Structure formats: C-alpha cells, structure tokens
Amino acid sequence: MMTIQKKIKILYGREKVELSLGDVNIVSILKPLYKEPTFPLNVLVRKALANPIGVSIKNLVNNAVKKTRKPEVVILSDDISRPTPSWAIIPPILNELNRLGVSDEQVKVIVALGTHREMTENELRAKLGDEVLSRVTVVNHNAWDKRKLVYIGKTSSGIPIWLNKDYYNADIKIGIGNIVPHPAAGWSGGSKIVMPGICGVETIGMVHFHSALYPIEEIFGIRDNPVRKEFDEIALKSGLGMIVNTVQNERKEVVDVVAGDIIEAHRHGVRIAEEIYRPKTPIADIAIVSAYPYDIDYWQASKGYLSAYLALRRGGAAILFAKLPEGISSIQQHRNTLLELGGLTPTDIEKKIREKEVDDIVAASIAMILAKVREKIRMYIVTEKLTDKECEKLGLIRISDPKEVISEMRRKLGKDPNVMVIEDSSIAPYPIYSTR
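Residues numbered from 1 in each chain as written. Predicted model: local features only at pLDDT ≥ 70, side-chain atom pairs only at ≥ 80, totals over all residues. Heavy atoms only, no water.

Enquirer: If you had to explain the environment of Ile263 to someone new, which residues and values would you point to?
Expert: If you trace the backbone, Ile263 turns up in the loop between strand 12 (254-260) and helix 8 (264-277). Considering only alpha carbons, one finds Ile263 and Ser191, 72 residues apart in sequence, at a separation of 7.6 Å. Setting aside its immediate chain neighbours within four residues, Ile263 contacts Arg223, Asp232 and Leu236. (Helix = DSSP H or I, 4+ residues; strand = E, 2+ residues; numbered from the N terminus. Contact = heavy atoms within 4.5 Å.)

Enquirer: Lay out empty space enclosed by the protein with the relevant residues and their values.
Expert: Counted according to the given criterion, the structure contains five cavities of 30 Å³ or more. Within this model, the largest cavity holds a volume of roughly 640 Å³. In terms of lining residues, the largest cavity is bounded by 35 residues, among which Arg82, His116, His182, Lys192 and Pro196 are the most central. When contributions to the lining of the largest cavity are tallied by element, the ones reaching two or more residues are strand 8 (172-178), strand 9 (181-182), helix 6 (201-212), helix 9 (298-301), helix 10 (303-309) and helix 13 (361-376). Top contributing element to the lining of the largest cavity by residue count: helix 13, with four residues. Partitioned by chemical class, the residues of the lining of the largest cavity number 18 nonpolar, 12 polar and five charged. Taken together, 17 residues line the second largest cavity, and the ones lying closest to its centre are His116, Arg117, Asp297, Gln300 and Ser330. For the lining of the second largest cavity, a count of residues per class yields five nonpolar, seven polar and five charged. (1 Å grid on protein atoms, 1.4 Å probe; cavity = no way out; pocket = protein on both sides within 12 Å on 5 of 7 lines; lining within 4 Å. Points joined across faces, edges and corners; volume = space filled by probe spheres on them. Nonpolar A, V, L, I, M, F, W, Y, C, P; charged D, E, K, R; others polar.)

Enquirer: Outline the nonpolar core, supporting the account with residue identities and numerical values.
Expert: Ranked by size, the top nonpolar core spans 93 residues in total, and within it Val194, Tyr298, Tyr305, Leu338, Ile381 and Met420 carry the most contacts. Top element by residues in this core is helix 13. It accounts for 11 residues. Those residues in contact with Ile381, other than ones at most four positions away along the chain, are Tyr298, Tyr305, Leu320, Ala322, Leu324, Leu386, Cys391, Leu396, Ile397, Arg398 and Ile399. If you look at the next biggest cluster of nonpolar residues, it comprises 34 residues, including Leu44, Ala48, Val61 and Leu94. (Core = buried A, V, L, I, M, F, W, Y, C linked by side-chain atoms within 4.5 Å. Buried < 20%, exposed > 50% of the residue type's maximum accessible area, 1.4 Å probe, protein only.)

Enquirer: Account for the pairing of strand 12, with residues named and values stated.
Expert: Taking burial as the measure, the seven residues of strand 12 include six buried ones, the bulk of the element. One ladder, built from six bridges, connects strand 11 (residues 242-248) with strand 12; its direction is antiparallel. Of the residues in strand 12, the one forming a bridge with Thr246 is Val257. (Pairing = 2+ DSSP bridges.)

Enquirer: A description of the packing of helix 3 (residues 86-99) against helix 4 (residues 121-135) should follow, citing residues and the corresponding values.
Expert: The N-to-C vectors of helix 3 and helix 4 enclose an angle of 30 degrees; their axes lie 7 Å apart at closest approach. For the element pair helix 3 / helix 4, the angle class is roughly parallel. Of the residues in helix 4, those touching helix 3 at Ser86, Trp87, Ile90, Pro91, Leu94, Asn95 and Asn98 are Ala126, Lys127, Leu128, Gly129, Glu131, Val132 and Arg135. Here the residues of the contact of helix 3 with helix 4 sort into seven nonpolar, four polar and three charged. (Axes fitted to C-alpha atoms, helices over the stretch in contact; angles between N-to-C directions. Parallel < 35°, antiparallel > 145°, perpendicular 65-115°, else oblique.)

Enquirer: Tell me what's going on with the environment of Gly129, and back it up with residues and numbers.
Expert: Positionally, Gly129 belongs in helix 4. For the pair formed by Gly129 and Ile422, sequence separation is 293 residues and the distance between their alpha carbons is 32 Å. Discounting chain neighbours no more than four positions away, the residues touching Gly129 are Trp87 and Leu124.

Enquirer: Before we move on, can you summarise the pairing of strand 16 (residues 378-382) with the specific residues and values?
Expert: For strand 16, a buried count of four out of five residues is recorded, marking the element as mostly surrounded by other parts of the structure. Bridge analysis of strand 15 (residues 312-321) against strand 16 gives five bridges, and the strand direction is parallel. Bridge pairing in strand 16 links Ala317 to Arg378. Each parallel crossover has a hand, and the one from strand 16 via helix 14 (residues 388-393) to strand 17 (residues 397-398) is right-handed. (Right-handed = clockwise from strand over helix to strand, strands pointing away.)

Enquirer: Can you tell me about helix 4, naming the residues and giving the values?
Expert: Here helix 4 contains 15 residues, and its C-alpha end-to-end distance of 15 Å is more than 12% below the 21 Å for a straight helix at 1.5 Å per residue. Along helix 4, the residues classified as buried are Glu123, Leu124, Lys127, Leu128, Gly129, Val132 and Arg135. Buried positions along helix 4 lie against strand 3 (73-77), helix 3, strand 4 (107-111) and strand 5 (137-140). (Expected span 1.5 Å × (residues − 1).)

Enquirer: Quick rundown of the pattern of salt bridges? Include the residues and the values.
Expert: Overall, the coordinates contain 29 salt bridges when judged by the stated rule. In this structure, the salt-bridge partner of Arg147 is Asp145, at a minimum N-O distance of 3.0 Å. Here Arg147 falls in the exposed class, since its relative accessible area comes to 68%. The class for Asp145 is buried, based on a relative accessible area of 12%. Between Arg267 and Glu264 there is a salt bridge, with the nearest N and O atoms lying 2.6 Å from each other. Of the two residues, Arg267 and Glu264 are both situated in helix 8; the distance of three residues between them amounts to about one turn of the helix. With relative accessibility at 38%, the residue Glu264 sits in the partly exposed group. (Salt bridge = Lys/Arg side-chain N within 4 Å of Asp/Glu carboxyl O.)

Enquirer: Talk me through the packing of aromatic side chains; I want residue IDs and the actual numbers.
Expert: Working definition: an aromatic ring pair is given by the centre-to-centre distance plus the angle between the planes. Here the structure, examined in full by the defined rule, presents two aromatic pairs. Between the aromatic rings of Tyr12 and Phe321, the centroid separation amounts to 6.4 Å while the plane-to-plane angle is 90 degrees, which identifies the pairing as edge-to-face. Taken together, the residues Tyr12 in strand 1 (residues 3-12) and Phe321 in strand 15 connect sequence positions 309 residues apart. You can call Tyr12 buried: its relative accessible area is 6%. Aromatic side chains Tyr151 and Trp162 sit 5.3 Å apart centroid to centroid with 50 degrees between the ring planes, which places their arrangement in the tilted category. Taken together, the residues Tyr151 in strand 6 (residues 149-154) and Trp162 in strand 7 (residues 160-164) connect sequence positions 11 residues apart. You can call Trp162 buried: its relative accessible area is 17%. In this structure, Lys146 is placed above the aromatic ring of Trp162, and the distance from its NZ or CZ to the ring centre is 4.2 Å. Over the ring of Tyr167 we find Lys173, and its NZ or CZ is 5.0 Å from the ring centre. (Phe/Tyr/Trp six-rings, centres within 6.5 Å; stacked < 30°, edge-to-face > 60°. Lys NZ or Arg CZ within 6 Å of the ring centre and 35° of its normal.)

So, in structure tokens, the structure goes:
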C-alpha cells in the first residue's frame, strides 16, 4: 500500500537519524517481521537440546567413546559480528557433556572467523561470557596459517578443502550459529559455521567464487541451492556432528532454537526464519537502506545492497546509510582488493580470478557479486568514513542527502518514484508485484 511521507527515520550506526525527503511515495517499510518469543532464551536452548532433530549430544558422545576413552570436543562459535548468543548456548552444551562423562578439560571452543579479524579479549568476553572463558580453552581460527590447517581432499565440484587442524582432529564437533538470509550461501547457520568459519582461505575463496557465478536471485534467501550443496558437503566431510542454531526477531530476541542434524535441523530453522526475514513488498524505484546490523565495515555493510537488489526494478537506485567504524575492511588485503576491482564488470572480475591475477579470491568474489548488483541498479552511499575517491573505486556514488537521488529519479521517470525503506539489512525481500 502506497503512502505519501515527508520524513522517515533510519539507523545510521547506533543513532537513528531523521530524513526529510519531501513528498515521496513510500511503497513499503521493511525489516524482519516481529515474532514474540514463546519462552525465555535459556528455556528455548534447553528444549532444543532435549528434542533435537536427528542427532543429539548423547549420540555423538556414545559414538565417540566407542573409539576413544577420552574424546576431544570442539564447539564452533561465530564471531562478534553475528548476534548469536553463544554465551547462553555453550554452557548448557558443556553441562550436557559433563553429564555424559566429558569434562570441560576435553572441550575447546574455536571462534569460526572465516576471514574476519581476530576477536579481542573484550569481544570474546561479550560474545562467549565469563563462564565459558573460565571453563574451557578458547581460540580464534586463522584461515591463512597453513601450519594450523589440514587438507582433506576436494568437493564433488573440485574445490580443495582446507580445515582448522584442531577442529578436524576432534572426536566430537558441534556448530553454533544464527539463521538469517545470506547472499553467498542462501542462509547463514547450519554448515556455514564450517565454511567459511574454520576453513582455509583457499577453500573460502573458491566457494565464494562458485557462488558469484550464479544469479543472485537463485541463491539469496533460498535454502537448497547449488552453493549450499558445497557448504553442506564440506561440513559433512569435516565431521561436523550437529548444530545448535537460533532464529531471532527484529529486536534480536531469540524466538526459536533448533538443534540436531546439520541439514535437516537447519532446513527446519530456515522454515521458521522465512516468516521473519522474507517480507513481501512491491517493486520499487529507490531503496533507502540502513546497513544495520552489518555496519561495522563496508565488507559486511554491502549486504544492504543485496537486500535492495531483490526488490528494485532495473535502473533503480539503492541508498545505503553506513557508519563503517572500521572503514572498508579491517583486513588490509580485502580492502585493497575491493578498491582494485570495485569499478570492474562481473565478466572482467571473473576473468582476473580465472587467470589468477588476484590473490584474494574471497574479496574478488564479493566484488563480482556487487558488480552484478551494479549492472541492475545504481549504488549510492551516505557515510562519513569513506572518501569520495574510495567510493569511486568501489563503484559507489557518495551523497549527503537522499533527496538528490529522488530528484534525479523523478526527472528520469517523468513522475514520482516509488520508494522502499529497508530499516534492517538482515532481510531478503520477496517481491510480489510491480506498481507500474
């Protein structure tokens, strides 16, 4: 339903800013749909562990003790850039392991960073909690150090699999995550804690490149897609025994927890999450997008363009509001690659990757996906952190006021543009009809 509005509010970092837009046609204001938590978080975790789908912690322990008297356990947690409440999930897992005869000394928590930077001590405490830090060993994964990796073969499509050695050598492996739409995997959670979480950079790069070869619409927000098969195959070959995944509402409150088989439990979680994160919307000409909650750097904030891409018509415009306290990326190699390739076409980037002209295939693949977005829509950004020159190299147009874009689109169309507001970039909008 279309409404005429002069002002909207949108998150820019942690501050909600008011935008004066003049008279504009707002066709939708999108964010994750609100769903009331049915139980407190600790109860949801306990219920999920007591009623797993397919595989339980008891199953894993029973199988492990048949092979070794003192099994080693690795629990994978995502990092501070993800909202998973690991501090509330890991202690019940430890308690269940203890009940089954596995001591805390046999357990290690690995922060599945992928190619993100290491977490600081304060971030580890905020993410995992004092109890976890005091009970078990906690380490950050390093995707670049091959001394800490092990090669276990290739996927069916030929992608080499390099894994964290401590993880691979463990007897029991449990992954923790949160389920939201993801441009490269379809959805986060499930096997994604292994790939990219604790893989080597070569594996991470090749899987991301594999994803960049497909149309965005065939991956983003779709559970069973060709790229997800790679994620699942790598996790299965790695020996991941089970997952514990949360589903959260727009307030980042946990509304459900799923546990068990890495594929079936994840599918069940996605079905729950789809009701929240795939809101229906008319097609729009302009999207005004908050990078929240992925606004720490451009590497993650660029997901906001993907959210807009799904529901904008060709020739439309996405305006991203992104505070970006850590700039383009805290990983210098990612930063350099995005700047080098940001203005190229998808075909040019693919050629450079295939001809091995770029070292950072992960960032090159992200640049390739964003180049596909740029072929369909114009990408604008409101930020204080990036310079005009950096924005130009990234293929972005830096502006200070969305009214500039609205006026330009009005001249282009010869009529008032339809505007969509995305208040939270976690979503993968589901376009239902055209308003023209």
